[in-house]
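Now for the letters of each chain:
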Amino acid sequence: MKFRLLRNATLKLDILGRSVLIDPFFAPKGSRPSFTGRAPNPLVDLPMSPEEILDGVELVVVSHLHADHFDPIAQELVPKHLPLICQPGDEDKIRAHGFNNVTPLVDTVIWQGIHFQRREGSHGLGPVVQKMGSVMGFTMTAKDEPSLYWAGDTVLYPAVEATIVESRPEIIVIHPCGAKWDGDLITMDAAEAVATCRLAPDTVVIATHMEALDHATVSRDDLLKYARNEEIGPQQLLVPQDGDQLTLTAGRNG
């Protein structure tokens, strides 16, 4: 599996010779409103053009409809004929943008030999969840490829812990930027990233959704320093830069 972080949650995965794009967010730097008054979003440019990102893409996954996961530019540029997987309840809004091959991930979807299974997520805890709306994660498995759990925009809570323990993924992708909304944590932070690593000590954990939005409170350096102090090594917790590509092999750490 080739795993490329583009920016924020946007990933491009090459698996079984197929190209999968996750949560396309194509807005230019500073072109969208600030969440906190600190700076317009996104804070950084994409490492390559949307056209380069879309080259070869055969499947799109949209975890939820927040603009930093599926923005108006992506809604315009992503080819409308491509198969698109989304969480249940978002399909009609996505079809309204002209997409004609939309499948809600109610439980399991199999596409070209790749198995997607929906996993629960919570975009915070308590009253903030109503403000944030529903989100999903998913596990992704294919023959001779590493099993991957993409947790998505969620905090670490019992449903996520249960997914990790029960599915025993070889790769876990988390969003430990410590994003906050009205003071409430709405994604994992550094402490929850370390807790995730400890839940799955033989699993590679990849931190994405870092340093792209102004409501984040944890930088890449913050995360790495905290993990090092907690004796989580760089061989387990990977913190790629935007544009970095990783090669992930079944049966191996990293």
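Here the structure is shown first, and the text comes after it.
Please read all numbers here as calculations on a predicted model, not as lab measurements.

Reading the values: rules and limits
- All residue numbers refer to position in the chain's written sequence, counted from 1.
- Owing to the predicted nature of the model, reporting of local features is limited to residues with pLDDT of at least 70; listing and counting of side-chain atom pairs is limited to 80 or more, with chain, interface and lining totals taken over all residues.
- Side-chain numbers here rest on the full set of heavy atoms in the structure, without hydrogens or water.
- Each helix is a run of DSSP H or I of at least 4 residues and each strand a run of E of at least 2, with the numbering of both proceeding from the N terminus.
- When checking whether two residues touch, look at their non-hydrogen atoms; a contact exists if any pair is within 4.5 Å.
- In protein, a polar contact means a hydrogen-donor-capable atom and an acceptor-capable atom, both N or O and within 3.5 Å, with residues adjacent in sequence counting only if both atoms are side-chain atoms; elsewhere, any N or O pair within 3.5 Å suffices.
- Only protein chains enter the accessibility calculation, which uses a 1.4 Å probe; a residue is then buried when its area is under 20% of its type maximum, exposed when over 50%, and partly exposed in between.
- Two strands qualify as a pair provided that DSSP identifies no fewer than 2 bridges between them.
- Crossovers are marked right-handed if the path from the first strand over the helix to the second runs clockwise, as seen with the strands pointing away from the viewer.
- The axes are straight lines fitted to the C-alpha atoms, using for helices just the contacting stretch, and the angles between their N-to-C directions are given from 0 to 180°.
- Arc definition: directions from the helix axis to the C-beta atoms.
- The scheme is simple: roughly parallel for angles under 35 degrees, roughly antiparallel for over 145, roughly perpendicular for 65 to 115, oblique for anything else.
- Each crossing gets its hand from how the near helix is turned against the far one by less than a right angle, where anticlockwise is left-handed and clockwise is right-handed.
- When residues are sorted by character, Ala, Val, Leu, Ile, Met, Phe, Trp, Tyr, Cys and Pro go into the nonpolar class, Asp, Glu, Lys and Arg into the charged class, and all the rest, Gly among them, into the polar class.

## Side note on the environment of Ser147
Then, number 1: Examined against the element boundaries, Ser147 turns out to sit in the loop between strand 9 (136-141) and strand 10 (148-150).
Then, number 2: Taking C-alpha positions, Ser147 is 36 Å from Ser34, a pair spaced 113 residues apart along the chain.
Then, number 3: Those residues in contact with Ser147, other than ones at most four positions away along the chain, are Met140, Thr141, Arg168, Pro169, Glu170 and Ile171.
Then, number 4: Of the polar contacts made by the side chain of Ser147, one reaches the backbone nitrogen of Glu170; its length is 3.0 Å.

## Examining helix 6 (residues 190-199)
Then, number 1: Of all the residues in helix 6, the buried ones are Ala190, Glu192, Ala193, Val194, Thr196 and Cys197.
Then, number 2: On the buried face of helix 6, the contacting elements are helix 5 (158-167), strand 11 (171-174), strand 13 (184-185), strand 14 (204-207), helix 7 (220-229) and strand 15 (237-238).
Then, number 3: At the N-terminal end of helix 6, a side-chain oxygen is found 3.3 Å from the backbone nitrogen of Ala191, two or three residues along, and the residue is Asp189.

## Details of the pairing of strand 4 (residues 59-62)
Then, number 1: Burial along strand 4 is two-sided: the face carrying Leu59 and Val61 and the face carrying Val60 and Val62 are both buried.
Then, number 2: As judged from the three bridges shared by strand 3 (residues 18-22) and strand 4, these two strands associate in the parallel manner. Following the sheet pairing, Val20 is matched in strand 4 by Leu59.
Then, number 3: Here strand 4 pairs with strand 5 (residues 84-86) via three bridges, running parallel. Note on strand 5: the bridge partner recorded for Val60 is Leu84.
Then, number 4: Handedness of the strand 4-helix 2 (residues 72-77)-strand 5 crossover: right-handed.

## A short note on the side chain of His64
Then, number 1: Position of His64 relative to the elements: it lies in the loop between strand 4 and helix 2.
Then, number 2: Relative accessible area serves as the criterion here: at 1%, His64 is assigned to the buried category.
Then, number 3: Among the polar contacts made by the side chain of His64, one reaches the side chain of His66 at a distance of 3.3 Å.
Then, number 4: A polar contact is formed between the side chain of His64 and the side chain of Asp153, at a distance of 3.4 Å.

## Digging into the sheet that holds strand 6 (residues 102-104)
Then, number 1: Reading across from one edge, 6-5-4-3-2-1-16 is the order of the seven strands in this open sheet, with mixed pairing throughout. What marks the edges here is a single partner per strand, and that holds for strand 6 and strand 16 (245-247). Mean inter-strand twist for the sheet, computed between neighbouring axes without regard to direction, equals 20 degrees.
Then, number 2: Sheet analysis places strand 2 (residues 10-15) next to strand 3, joined by five bridges and oriented antiparallel. Bridging across to strand 3, Asp14 finds its partner in Ser19.

## Looking at helix 5
Then, number 1: Among all positions of helix 5, only Val160, Thr163 and Ile164 are buried. The arc enclosing the buried residues of helix 5, seen along the axis, measures out at 95 degrees, which places them on a common side. Seen from the open side of helix 5, the exposed residues pointing more than 90 degrees away from its buried face are Pro158, Val165 and Glu166.
Then, number 2: At its buried positions, helix 5 is contacted by strand 8 (114-120), strand 9, strand 10, strand 11 and helix 6.
Then, number 3: Positive backbone phi, approximately 45 degrees, marks Arg168, located one or two places after helix 5.

## A look at the packing of helix 6 against helix 7
Then, number 1: Taken N-terminus to C-terminus, the directions of helix 6 and helix 7 make an angle of 50 degrees; their axes are 9 Å apart at the nearest point. One finds that helix 6 runs oblique with respect to helix 7. The hand of the helix 6/helix 7 crossing is right-handed. Along its contact with helix 6, which presents Ala190, Ala191, Ala193 and Val194, the element helix 7 presents Leu223, Tyr226 and Ala227.
Then, number 2: Split into classes, the residues belonging to the contact of helix 6 with helix 7 amount to seven nonpolar, no polar and no charged.

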